[in-house]
Amino acid sequence: MTNSEQLSLEAEIFGAYFLKKKPTAFVIDLYKEANEKLNIVSDAKDDRILKFMLRNSWSVGMVDSGLVFIKPKSEVRHKMFIMLAILECQPDYTDLFFTKNQSKTYFFYVLWVGFRAFLKAALGVILVKLV
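Only a predicted model underlies this, so the values are computations on that prediction, with no experimental measurement involved.

**Student:** Could you give an account of the overall build of the protein chain, naming the residues involved and the relevant values?
**Tutor:** Helix and strand counts for the protein chain come out as seven helices and zero strands. Secondary structure of the protein chain in N-to-C order comes out as α-α-α-α-α-α-α. What you see for the protein chain is a C-alpha radius of gyration of 16 Å, in line with the 14 Å of a compact globule of 131 residues. Oriented by its inertia axes, the alpha-carbon framework of the protein chain measures out at about 50 × 35 × 20 Å. Counting every position in the protein chain, which comprises 131 residues, the buried fraction comes to 37%. Across the protein chain, the fraction of contacts at a sequence separation of at least 24, relative to all contacts at a separation of at least 6, is 74%. Charge centroids of the protein chain, computed over 18 positive and 14 negative side chains, lie 9 Å from each other.

**Student:** Tell me about the pattern of salt bridges, and name the residues and values.
**Tutor:** For the structure on display, the rule yields six salt bridges. Two residues, Lys71 and Asp43, come together in a salt bridge whose shortest N-O distance is 2.7 Å. Placement of Lys71 in the loop between α4 (60-70) and α5 (75-88) and of Asp43 in the loop between α2 (25-38) and α3 (44-55) is noted, with a sequence separation of 28 residues between them. For Lys71, a relative accessible area of 23% translates into the label partly exposed. Three or more residues joined by partner-sharing salt bridges are found here, namely Asp43, Asp46 and Lys71.

**Student:** Tell me about the packing of aromatic side chains, residues and numbers included.
**Tutor:** Tallying each qualifying case throughout the model produces six aromatic pairs. Ring centres of Phe14 and Tyr31 lie 6.4 Å apart, and the angle between their planes is 80°; on these two criteria the pair is classed as edge-to-face. Placement of Phe14 in helix α1 (residues 3-19) and of Tyr31 in helix α2 is noted, with a sequence separation of 17 residues between them. The same class applies to Phe14 and to Tyr31, which are both buried. Judged by centre distance (5.5 Å) and plane angle (75°), the ring pair of Phe107 and Phe108 falls under edge-to-face. In this structure, Phe107 and Phe108 share a single accessibility class: exposed.

Cut-offs and rules
Residues numbered from 1 in each chain as written. Predicted model: local features only at pLDDT ≥ 70, side-chain atom pairs only at ≥ 80, totals over all residues. Heavy atoms only, no water. Helix = DSSP H or I, 4+ residues; strand = E, 2+ residues; numbered from the N terminus. Rg over C-alpha atoms; globule rule 2.2 N^0.38 Å. Buried < 20%, exposed > 50% of the residue type's maximum accessible area, 1.4 Å probe, protein only. Contact = heavy atoms within 4.5 Å. Lys, Arg positive; Asp, Glu negative; His and termini not counted. Charge placed at Lys NZ, Arg CZ, Asp CG, Glu CD. Salt bridge = Lys/Arg side-chain N within 4 Å of Asp/Glu carboxyl O. Phe/Tyr/Trp six-rings, centres within 6.5 Å; stacked < 30°, edge-to-face > 60°.

What follows is the structure, encoded as structure tokens:
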């Protein structure tokens, strides 16, 4: 796989993680351009983690949560933040990042999301250590 192909795949997987759908071709191109300009250099562990995530897109949330505790300055997280920054600046996706009025049951939803985040982090720590 060429570097350009890998960057495209990263953009699709990270974009889908944040958006719950595939990002536009424009976003993918911006991601590739940003990574090429920043010339991010990863160590062997980050390379293994990234390759695992690209092969197993279901693991992105768990690995990201695990990296927060194991290696918060990971280049994998750096790449994910690049994608997040690009997405936040796109007019097509602004509604996803703005606060909305919430119903009275929102508190229970926040509890559920917090519990899920804890489980993802615990499983992510295990995955990161195994990869």
